[in-house]
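Chains, contacts and geometry: an overview
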Amino acid sequence: MCGIAGELRFDGIAPKPTTMTRMLATLARRGPDGGGQHTDGPVRLGHRRLAIIDLSERARQPMVDPATGLALVFNGTIYNYPELRADLVARGHVFFSDGDTEVILRAYAEWGEGCVERLHGMFAFAIWDKQQLFLARDRLGIKPLYYAQSTSRLRFASTPQALLAAGDVDTSIDPVALHHQFTLHAVIPAPRTIYNGVRKLAPGTTLTIDLQGKHRARSYWDFSAQRPAVARSEPEWTEAIHDALRASVKKRLEIADVKVGVLLSGGLDSSLLVALLAEQGVRDLMTFSVGF
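The rules behind these values
Residues numbered from 1 in each chain as written. Predicted model: local features only at pLDDT ≥ 70, side-chain atom pairs only at ≥ 80, totals over all residues. Heavy atoms only, no water. Pairing = 2+ DSSP bridges. Helix = DSSP H or I, 4+ residues; strand = E, 2+ residues; numbered from the N terminus. Contact = heavy atoms within 4.5 Å. Axes fitted to C-alpha atoms, helices over the stretch in contact; angles between N-to-C directions. Salt bridge = Lys/Arg side-chain N within 4 Å of Asp/Glu carboxyl O. Buried < 20%, exposed > 50% of the residue type's maximum accessible area, 1.4 Å probe, protein only. 1 Å grid on protein atoms, 1.4 Å probe; cavity = no way out; pocket = protein on both sides within 12 Å on 5 of 7 lines; lining within 4 Å. Points joined across faces, edges and corners; volume = space filled by probe spheres on them. Nonpolar A, V, L, I, M, F, W, Y, C, P; charged D, E, K, R; others polar. Core = buried A, V, L, I, M, F, W, Y, C linked by side-chain atoms within 4.5 Å.

Turning our attention to the sheet that holds strand β1 (residues 3-9). Taken in spatial order, the six strands make up an open sheet running β2-β3-β1-β9-β8-β10, and their pairing is antiparallel. Edge positions in the sheet fall to β2 (35-40) and β10 (199-200), since each has one partner strand and no second. Sheet analysis places strand β8 (residues 146-149) next to β10, joined by two bridges and oriented antiparallel. Of the residues in β10, the one forming a bridge with Tyr146 is Lys200. Sheet strands in contact with helix α1 (residues 17-27) are β1, β2, β3 (43-48) and β9 (153-157), and its direction is about 155° off that of β1.

Below, the structure written as structure tokens:
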């Protein structure tokens, strides 16, 4: 995981680097391999990096394209980035790095806000394109993205703690969120959080904010729960699920430039992942357990 943060001002005042430094300090544990800031007029972006794909300095963030002025901070992994990269190269795009981060940048340049529908993976990212700030979250909300907005600015980050470190956040308790916390097994559905002044972007959703602070949310994906057109027997369903899990594990093994490990929770799902990885031929798998 990485940590992302940013601030967009609506009042003509440039975001302070010290504010971003405080935000990034809370995100350092998410990204021990490096960090950086980028400023451009009313916006300042920050990033803490955990290097997984393209470990070189070419893939450092915030990533900026000098030709278009697009700037990106990204947390996650795009599993189909090699295919997307080949498509974008065929369309005339030139790459200076080898990872998935730049693929998002080029995909936005090519397809605009519709780029998210082509991304397969887990992600939360922000793109600044001189006229607006574009925030996006993956289909199932695997990667977190929180924001706090006032009349003068919008801030976003991977964690609420980063927003609190920036200051000027309404930390009074949201009573509806508190009700959800106690009735939904400690889950607070988006866009609410336990704080009145902090909201989170819903899964499968993008948020576009212009220079006046007007924002527009768009849901680009929703799970359609319906009966299959063709009936299957129990053994057929078992094999179909096995095939899907096998393909999912293989996809994650193929793109990482570091070793893959598994966090063992003691449940069925993590144990199943270890078995699937062994089935793929992984013999030096690292596993981790946490006790307290």
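Once that is clear, we can look at the pattern of salt bridges. Counting across every chain of the model gives 21 salt bridges. A salt bridge links Asp11 to Arg9; the shortest N-O distance between them is 2.5 Å. Accessibility expressed as a relative area gives 35% for Asp11, which makes it partly exposed. Arg199 is the salt-bridge partner of Asp174, the closest N and O atoms lying 3.1 Å from each other. Taken together, the residues Asp174 in the loop between α4 (160-166) and α5 (175-183) and Arg199 in strand β10 connect sequence positions 25 residues apart. In terms of burial, Asp174 and Arg199 fall into one category: buried. Salt bridges sharing common partners tie together Glu7, Arg9, Asp11 and Arg155.

There is about 1200 Å³ of room inside the largest pocket. Lining the largest pocket are 43 residues, with Thr77, Tyr79, Met122, Lys143 and Arg252 sitting closest to its centre. Broken down by secondary-structure element, the contributors of at least two residues to the lining of the largest pocket are β5 (71-78), β6 (121-128), α6 (234-255), β13 (261-263), α7 (268-279) and β14 (286-288). For the lining of the largest pocket, the leading source of residues is α6, giving six residues. Among the residues making up the lining of the largest pocket, the classes are represented as 24 nonpolar, 10 polar and nine charged. Estimates place the volume of the second largest pocket at around 170 Å³. Considering every element that reaches the lining of the second largest pocket, the biggest residue donor is α7, with five residues. Considering only residue class, the lining of the second largest pocket consists of four nonpolar, one polar and one charged.

Bringing the sheet that holds β5 into the picture now. Through backbone hydrogen bonds, the strands of a sheet pair up, either in parallel or in antiparallel fashion. Here we have six strands laid out as an open sheet, ordered β4-β5-β6-β7-β11-β12, and antiparallel in their pairing. The open sheet has two free edges, formed respectively by β4 (63-64) and β12 (215-219), since each of these has just one partner strand. Helix-sheet contacts for helix α3 (residues 101-111) involve β4, β5, β6 and β7 (132-137), and the interaxial angle to β5 is about 120°.

Let us now look at unusual backbone geometry. Trans is the common state for peptide bonds, and a negative phi is the common state for residues other than glycine. Gln61 connects to Pro62 through a cis peptide bond whose omega is 0°. The topology assignment puts Pro62 in the loop between β3 and β4. In the segment running from Ala190 into Pro191, the intervening peptide bond is cis, with an omega of 10°. Its identity is not glycine, yet His185 carries a phi of approximately 55°, on the positive side. Within the element layout of this structure, His185 appears in the loop between α5 and β10. Here His185 falls in the exposed class, since its relative accessible area comes to 78%.

Moving on to the nonpolar core. Soluble globular proteins tend to bury their nonpolar side chains together. One finds Ile104, Cys115, Val116, Phe123, Phe125, Ile127 and Phe134 to be the most contacted residues of the largest nonpolar core, which totals 28 residues. Considering each element in turn, this core owes the most residues, six residues, to α3. Those residues within four positions of Cys115 in sequence are excluded, and the remaining contacts are Ala107, Tyr108, Phe125 and Phe134. Counting residues in each nonpolar core, the second largest holds 19 residues, with Ala71, Trp128, Leu135 and Leu154 among its members.

This brings us to the environment of Gly76. With respect to the helices and strands, the residue Gly76 is situated in strand β5. On the basis of relative accessibility, which here comes to 22%, the residue Gly76 falls in the partly exposed class. As for Gly76 and Arg155, which are separated by 79 residues in sequence, their C-alpha atoms are 20 Å apart. With residues near it in sequence (within four places) discarded, Gly76 still touches Asp100, Met122, Phe123 and Lys143.

A large share of β5 lies buried, amounting to seven of its eight residues. Of the strand pairs in this sheet, β4 and β5 are connected by two bridges, and their pairing is antiparallel. Bridged to Val64 within β5 is Ala71. Counted along the chain from β4 to the antiparallel partner β5, the turn is six residues long, and its residue Gly69 has a positive phi close to 80°.

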